[in-house]
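Here is what each chain is made of, one letter per residue.
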Amino acid sequence: MDVRLPDPGDALTGVDMFAGLEPEVRQRVIAAAVPRTYRKGQLLFVENDPGDSLIILKRGAIAVFRTSPTGERAVLTVIRPPDVFGEVSLLDGSARSASAEAIEDCSALALSRGAFIELVHANSHILDAVMRSLGALIRRLTEQNADHVFLDLPGRVAKTLVRLAGDSHAPMVTIELNQSQLAEMAGGSRQSVNQAIGSFASRGWLRTEGRRIVVTDLAALRRRGGMTDR
Ligand SMILES: Nc1ncnc2c1ncn2[C@@H]1O[C@@H]2COP(=O)(O)O[C@H]2[C@H]1O
């Protein structure tokens, strides 16, 4: 009997930017990329560093953040695999637009600027995907701007939690993020974010378990974050 095993995939499986590549080009990307590991708490780069590589995250989680002159952090996003980041400085040849820190132990592949630019020029699929990823970044920035104008802090906390829960349809979703990281993402003080979390917990929308937040009513958080129900 002919038994078909599931396709084990490769290092680029699931990464939108490299989807639809011919196998030969795909192999060239993998061959050009250098494996990297980052320990939890390790800084990958800080804003204004020269942008020398694109990072393809295979395992772990990375916080992308900016730091104010007084040292406060604003987390712009948390990258989880399979995803790519660090493309902005490679494309415009400028310095890193934000800093990146491993918030879990990570493994990744780093593609040098030269290899990335060569692939973008040689391959219309990659060019399309790069444009899609820049479009997505611009939409995200527009939404973040609007949230800061139109939502109060509990609304931003609710929306941040929904975003972190991803596309889950499960009745309960566990988010591995402590309250300071959540405050950095929602753009508020720890104290006011704690108050918002306490009020959501008292309504039965979530519960906290140490460094985790277990969301029990995603629909209620979606409504509080001004998001339309699916
Ligand atoms: N506001 C943001 N939201 C999501 N990702 C971002 C944001 N700003 C920067 N990044 C990512 O963080 C990276 C920092 O390095 P680069 O500027 O090379 O490329 C950047 C993007 O990949």
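- As annotated in an unreviewed UniProt entry, the protein carries the name Putative Crp/Fnr-family transriptional regulator and comes from Rugosimonospora africana.

### Observations concerning the nonpolar core
Right, so step 1: Ranked by size, the top nonpolar core spans 30 residues in total, and within it Val 157, Leu 161, Leu 182, Ile 197, Phe 200 and Leu 221 carry the most contacts.
Right, so step 2: Sorting the residues of this core by element identifies strand S4 (62-67), strand S5 (73-79), helix H5 (153-165), strand S9 (173-176), helix H6 (179-186), helix H7 (190-202), strand S11 (212-215) and helix H8 (218-224) as the ones contributing at least two each.
Right, so step 3: For this core, the element with the most residues is H5, which contributes 6 residues.
Right, so step 4: When residues are assigned to domains, this core turns out to be shared by domain 1 (16-148) and domain 2 (152-224), each giving three or more.
Right, so step 5: Setting aside residues no more than four positions away along its own chain, Ile 197 makes contact with Val 157, Leu 161, Gln 179, Leu 182, Leu 206, Thr 208 and Ile 213.
Right, so step 6: One finds Ala 33, Ile 56, Leu 90 and Val 130 within the second-largest nonpolar core, a separate group that totals 21 residues.

### Thoughts on the site of the ligand
Right, so step 1: Near the ligand lie 16 residues; those nearest to it are Gly 86, Glu 87, Ser 89, Arg 96 and Ser 97.
Right, so step 2: Surface burial for the ligand is 93%, taken as the share of its 460 Å² of free accessible area covered by protein chains.
Right, so step 3: At the level of secondary structure, the elements contributing two or more residues to the shell around the ligand comprise S5, helix H2 (87-92) and helix H4 (124-150).
Right, so step 4: Considering every element that reaches the shell around the ligand, the biggest residue donor is H4, with 4 residues.
Right, so step 5: In the shell around the ligand, the residues fall into 8 nonpolar, 5 polar and 3 charged.

### Re the sheet that holds strand S1 (residues 34-38)
Right, so step 1: What the 4 strands build is an open sheet, ordered S1-S8-S3-S6; its pairing is antiparallel. Looking at the sheet topology across the chains shown, the edges are occupied by S1 and strand S6 (83-85). Shown here is a sheet whose adjacent strand axes are inclined to one another by a mean of 30 degrees, direction ignored.
Right, so step 2: One ladder, built from 6 bridges, connects strand S3 (residues 53-59) with strand S8 (residues 106-112); its direction is antiparallel. For Leu 54, the partnering residue across the bridge sits in S8 and is Leu 111.

### What about the UniProt feature "domain: Cyclic nucleotide-binding" (unreviewed entry) in the protein?
Right, so step 1: When the UniProt feature table is mapped to this numbering, "domain: Cyclic nucleotide-binding" (unreviewed entry) covers residues 17-126.
Right, so step 2: Helix makes up 26% of residues 17-126 and strand 38%, and the two end C-alpha atoms of the span are 6 Å apart.

### Here's the deal with the environment of His 121
Right, so step 1: Considering the arrangement of structural elements, one finds His 121 in helix H3 (residues 113-122).
Right, so step 2: His 121 sits in the exposed class, given a relative accessible area of 68%.
Right, so step 3: Residues His 121 and Asn 194 lie 73 residues apart in sequence; the distance between their C-alpha atoms is 48 Å.

### Quick look at the sheet that holds strand S7 (residues 99-102)
Right, so step 1: Strands sit in the order S2-S7-S4-S5 across an open sheet of 4 strands; the sheet is antiparallel. If you trace the sheet from one side to the other, it starts and ends with strand S2 (43-45) and S5, each paired once. The average undirected angle you get between the axes of adjacent strands in this sheet is 30 degrees.
Right, so step 2: The pairing of S4 with S5 spans 6 bridges and is classified as antiparallel. Paired with Val 64 across the bridge in S5 is Thr 77.

### A short note on the environment of Val 130
Right, so step 1: Within the secondary structure, Val 130 sits in helix H4.
Right, so step 2: Sequence separation between Val 130 and Thr 174 is 44 residues, and the spatial gap between their C-alpha atoms is 31 Å.
Right, so step 3: Not counting residues within four places of it along the chain, the set of residues in contact with Val 130 comprises Met 17, Leu 91, Phe 116 and Val 120.

### Things to note about the UniProt feature "domain: HTH crp-type" (unreviewed entry) in the protein
Right, so step 1: With numbering matched to this structure, UniProt assigns "domain: HTH crp-type" (unreviewed entry) to residues 151-219.
Right, so step 2: Across residues 151-219, helical content stands at 52% and strand content at 17%; the span's end C-alpha atoms are separated by 17 Å.

### Structural notes on H5
Right, so step 1: Between its first and last C-alpha, H5 extends 18 Å over 13 residues, near the 18 Å set by a 1.5 Å rise per residue.
Right, so step 2: The buried fraction of H5 amounts to 10 of the 13 residues, a majority that puts the element mostly inside the structure.
Right, so step 3: Capping the start of H5 is the job of one residue whose side-chain oxygen sits 2.9 Å from the backbone nitrogen of Gly 155: Asp 152.
Right, so step 4: Of the residues one or two after H5, Gly 166 is the one with positive phi, at around 65 degrees.

Rules and cut-offs
Residues numbered from 1 in each chain as written. Predicted model: local features only at pLDDT ≥ 70, side-chain atom pairs only at ≥ 80, totals over all residues. Heavy atoms only, no water. Core = buried A, V, L, I, M, F, W, Y, C linked by side-chain atoms within 4.5 Å. Buried < 20%, exposed > 50% of the residue type's maximum accessible area, 1.4 Å probe, protein only. Helix = DSSP H or I, 4+ residues; strand = E, 2+ residues; numbered from the N terminus. Domains from an automatic or database assignment. Contact = heavy atoms within 4.5 Å. Near = heavy atom within 4 Å. Areas by Shrake-Rupley, 256 points an atom, 1.4 Å probe, with all protein chains shown as cover. Nonpolar A, V, L, I, M, F, W, Y, C, P; charged D, E, K, R; others polar. Pairing = 2+ DSSP bridges. Axes fitted to C-alpha atoms, helices over the stretch in contact; angles between N-to-C directions. UniProt positions renumbered as here; feature names shortened; annotations may be inferred. Expected span 1.5 Å × (residues − 1). Polar contact = N/O pair within 3.5 Å; in protein donor to acceptor, adjacent residues only side chain to side chain.

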